Amino acid sequence: MSRRSLREQINSDEPLEVLTRRPSKAKRNREWERRQREERGLVAYRGIPRELQEELKQIAQDLGVTVGEIARVFLEYALEKCKSGELVLGVKPVASKYTLYIAGDSEEN
């Protein structure tokens, strides 16, 4: 089918090519995503050291619950302690932003 101008398409009874969209027949290779799910699991915590992630997984396994439930319990506990003033977070300036951690800093805040 040769390419026609929009004016020619409007004057004909055929549907306008600019308004029709043909579905893609391309098959996507999802091998990388499958490997990542198998190796890392479904959950990823950005900025969390691998060792800490493994500890959370171990606690979850020991209790027979999901890692998400463990993370939620810790978050709720920490938020409650922040509200009551028992947990105080010290913000430190780094470059043009703030952080709770300085590289190599293992002190509790």
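Predicted model, so just to flag it, every value in this text is computed and none were measured.

### Quick word on a nonpolar patch on the surface
Link 1 in the chain: Judged by side-chain polarity, Ile59, Leu63, Val65 and Phe74 come together as a nonpolar surface patch covering roughly 340 Å² of accessible area.
Link 2 in the chain: Locating valine 65 in the fold gives a position in the loop between helix 3 (50-63) and helix 4 (67-84).

### Topic: the packing of helix 3 against helix 4
Link 1 in the chain: Here helix 3 crosses helix 4 at 110 degrees, and the two axes come no closer than 8 Å. Overall, the two elements helix 3 and helix 4 adopt an arrangement that is roughly perpendicular. Taking contact as the criterion, the partners of Leu56, Lys57, Ile59, Ala60 and Leu63 in helix 3 are, on helix 4, Val67, Ile70 and Phe74.
Link 2 in the chain: Here the contact of helix 3 with helix 4 is composed, by residue class, of 7 nonpolar, no polar and 1 charged.

### So, helix 4
Link 1 in the chain: The terminal C-alpha atoms of helix 4 lie 26 Å apart, and with 18 residues this matches the ideal 26 Å at 1.5 Å per residue to within 8%.
Link 2 in the chain: Regarding helix 4, the residues found buried are Val67, Ile70 and Ala71. Around the axis of helix 4, the buried residues are gathered within 95 degrees of arc, so they sit on the same side. Exposed residues pointing more than 90 degrees away from the buried face of helix 4 are listed as Arg72, Val73, Tyr77, Leu79 and Lys83.

Calculation criteria
Residues numbered from 1 in each chain as written. Predicted model: local features only at pLDDT ≥ 70, side-chain atom pairs only at ≥ 80, totals over all residues. Heavy atoms only, no water. Patch = residues over 30% accessible without salt bridge, like charges linked within 9 Å, V, L, I, M, F, W, Y side chains within 5 Å. Areas by Shrake-Rupley, 256 points an atom, 1.4 Å probe, with all protein chains shown as cover. Salt bridge = Lys/Arg side-chain N within 4 Å of Asp/Glu carboxyl O. Helix = DSSP H or I, 4+ residues; strand = E, 2+ residues; numbered from the N terminus. Axes fitted to C-alpha atoms, helices over the stretch in contact; angles between N-to-C directions. Parallel < 35°, antiparallel > 145°, perpendicular 65-115°, else oblique. Contact = heavy atoms within 4.5 Å. Nonpolar A, V, L, I, M, F, W, Y, C, P; charged D, E, K, R; others polar. Expected span 1.5 Å × (residues − 1). Buried < 20%, exposed > 50% of the residue type's maximum accessible area, 1.4 Å probe, protein only. Arc of directions from axis to C-beta.

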